[in-house]
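A closer look at the structure
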Amino acid sequence: MALKLDFDIVGGDFNLAGKASSKIKKKLIQLSIDSKFIKRIVVATYEAELNVVAHAYSGVLTACFEPDYITVLVVDKGPGIEDIEQAMKEGFSTASKRVREMGFGAGMGLPNINKNVDELKIESKLGVGTSLFFKILY
Amino acid sequence: MKISEIIDLTEARLVAGNPGKQINIERAFSSDLMSDVLTLDNHQIILITGLANVQLIRTVEMADVPVVLLCRNKIATPEMISLAEENGIFLLETPFSMFRVSGVLYENGLKPLY
């Protein structure tokens, strides 16, 4: 039976951003997953978490730990992504000045998620929200 | 390069991390852009930065960066120190600028990441 963990993400709260990824990292260490995979998983998860904090109102992150892989699903309530293809391009960003001042919003998040995962699906509806799913094989 | 050497060369102060733990740092990366830090491949590096916020520590936790040096008298907040301690991250503060820290450490043998 796979282990499933759910986390709530609060839009705009940068002090809490990373809490879910941190707990997932500790769980992966506990499960003795190779550090190379842990880094890919937590970087992708953290980028996804940051996207919700930076762009959406709220979100739920669900991580499923399977024997040979992990899946992460992040569903947010937010403005949605107008053009997913454009958002996947390095350097394209709609992040606010505040987000940029914190060292993010350089348009590298989604491309970096794409680089670290084995499977990625993004669906978005304008004015409703975005769902991002990825899978990483150990 | 040992942490103690980095401290000596940059006149830094250790504000988080176990001074008894020995680690060897071979490469350095200087940046204020956390998005960039999240794309790094190398593990045993020091991050030299002018940014001092909780997200810096979260970012290095996820990117597996073991040592962070805050430049030009940036002060680590108690939240940053406690998060660094929780994750075994060395956190240092130096009065030197990012340029000077980078120059001094490069001159003394630290290699660039790219």
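Structure shown above.
Residues numbered from 1 in each chain as written. Chains lettered and ligands numbered in written order. Predicted model: local features only at pLDDT ≥ 70, side-chain atom pairs only at ≥ 80, totals over all residues.

Tallying secondary structure elements over chain A gives 5 helices and 5 strands in all. Ordered by position in the sequence, the α and β elements of chain A form the string β-α-α-β-β-α-α-α-β-β. What you see for chain A is a C-alpha radius of gyration of 14 Å, in line with the 14 Å of a compact globule of 138 residues. Projecting the C-alpha coordinates of chain A onto the three principal axes gives extents of approximately 40 × 30 × 25 Å. Put simply, chain A has 138 residues, and 38% of those count as buried. Here the analysis covers contacts within chain A between residues at least 6 apart in sequence; of these, 61% occur between residues at least 24 apart. (Helix = DSSP H or I, 4+ residues; strand = E, 2+ residues; numbered from the N terminus. Rg over C-alpha atoms; globule rule 2.2 N^0.38 Å. Buried ≥ 20, exposed ≤ 12 C-beta atoms within 10 Å, placed from the backbone. Contact = placed C-beta atoms within 7 Å.)

Between chain A and chain B, the residue contacts involve 18 residues of the former and 16 residues of the latter. Of all the secondary-structure elements, those providing two or more residues to the side of chain A that touches chain B are helix H1 (19-30), helix H2 (35-55) and helix H5 (109-116) of chain A. With 5 residues, the single largest contributor to the side of chain A that touches chain B is H2 of chain A. For the side of chain A that touches chain B, the residue count by class is 9 nonpolar, 7 polar and 2 charged. (Nonpolar A, V, L, I, M, F, W, Y, C, P; charged D, E, K, R; others polar.)

It is worth spelling out the pairing of strand S3 (residues 69-77) of chain A at this point. Residues and elements named next belong to chain A. Taking every second residue as pointing to the same face, the buried face of S3 carries Ile70, Val72, Val74 and Asp76, while none of Tyr69, Thr71, Leu73, Val75 and Lys77 on the other face is buried. With 8 bridges joining them, strand S2 (residues 58-65) and S3 adopt antiparallel strand pairing. Residue pairing in the sheet places Leu61 in a bridge with Val74 of S3. Two elements, S3 and strand S5 (residues 129-137), share 7 bridges in a ladder whose sense is antiparallel. Residue pairing for S5: Val72 is matched across the bridge by Phe134. (Pairing = 2+ DSSP bridges.)

Moving on, we get to the sheet that holds strand S4 (residues 67-70) of chain B. Residue and element names in this part refer to chain B. Read across the open sheet, the 6 strands follow the order S1-S5-S4-S3-S2-S6; overall the sheet is mixed. Each edge of the open sheet is held by one strand with a lone partner, namely strand S1 (13-16) and strand S6 (111-112). Here strand S3 (residues 45-49) pairs with S4 via 4 bridges, running parallel. Each residue of the ladder has a partner; that of Ile46, found in S4, is Val67.

Residues and elements named next belong to chain A. An order of S1-S2-S3-S5-S4 is seen for the 5 strands of this open sheet, with the pairing classed as antiparallel. Looking at which strands have only one partner, the edges of the open sheet turn out to be strand S1 (3-10) and strand S4 (119-125). The sheet shows a mean angle of 10 degrees between the axes of neighbouring strands, direction not considered. Sheet topology note: the S4/S5 ladder contains 7 bridges and is antiparallel. Across the sheet, Glu123 pairs through a bridge with Ser131, a residue of S5. (Axes fitted to C-alpha atoms, helices over the stretch in contact; angles between N-to-C directions.)

What follows deals with the environment of Ala52 of chain B. All names here are of chain B. When you line up the elements, Ala52 lands in the loop between S3 and helix H3 (54-62). Here the alpha-carbon distance between Ala52 and Cys71, two residues 19 residues apart in the chain, equals 9.1 Å. Ignoring any residue separated from it by four or fewer positions in sequence, one finds Ala52 in contact with Leu70, Lys74, Ile75, Ala76 and Met80.

Moving on, we get to the environment of Asp41 of chain B. Residue and element names in this part refer to chain B. Along the polypeptide, Asp41 turns up in the loop between helix H2 (34-37) and S3. For Asp41, a count of 11 C-beta atoms within 10 Å corresponds to the exposed category. Separated by 19 residues in the primary sequence, Asp41 and Val60 place their C-alpha atoms 12 Å from one another.

On to the environment of Lys19 of chain A. Residues and elements named next belong to chain A. You can see Lys19 is positioned in helix H1. Judged by the 17 C-beta atoms lying within 10 Å of it, Lys19 falls in the partly exposed class. Sequence separation between Lys19 and Met108 is 89 residues; the distance between their C-alpha atoms is 21 Å.

Looking at H5 of chain A, one finds that the buried residues are Gly109, Leu110, Ile113 and Asn116 of chain A. The buried residues of H5 of chain A occupy one face: seen down the axis, they fall within an arc of 125 degrees. Each element contacted by the buried residues of H5 of chain A is listed here: H2, helix H3 (84-87), S4 and S5 of chain A together with H2 of chain B. (Arc of directions from axis to C-beta.)

Right, let's get into the packing of H1 of chain A against H2 of chain A. In a pair of packed helices, the angle between the axes and the distance between the axes together describe the arrangement. Residues and elements named next belong to chain A. Between H1 and H2, whose axes approach to 9 Å, the crossing angle comes to 165 degrees. Taken together, the axes of H1 and H2 lie roughly antiparallel to each other. Classified by chirality, the crossing of H2 by H1 is right-handed. Contact residues: H1 offers Ala20, Ser21, Ile24, Lys25, Leu28 and Ile29, while H2 offers Ile38, Ile41, Val42, Thr45, Tyr46 and Glu49. Tallied by class, the residues present in the contact of H1 with H2 amount to 8 nonpolar, 2 polar and 2 charged. (Parallel < 35°, antiparallel > 145°, perpendicular 65-115°, else oblique. Left-handed = near helix turned anticlockwise from the far one by under 90°.)

So far we have only geometry, and geometry alone does not tell us how the molecule works.
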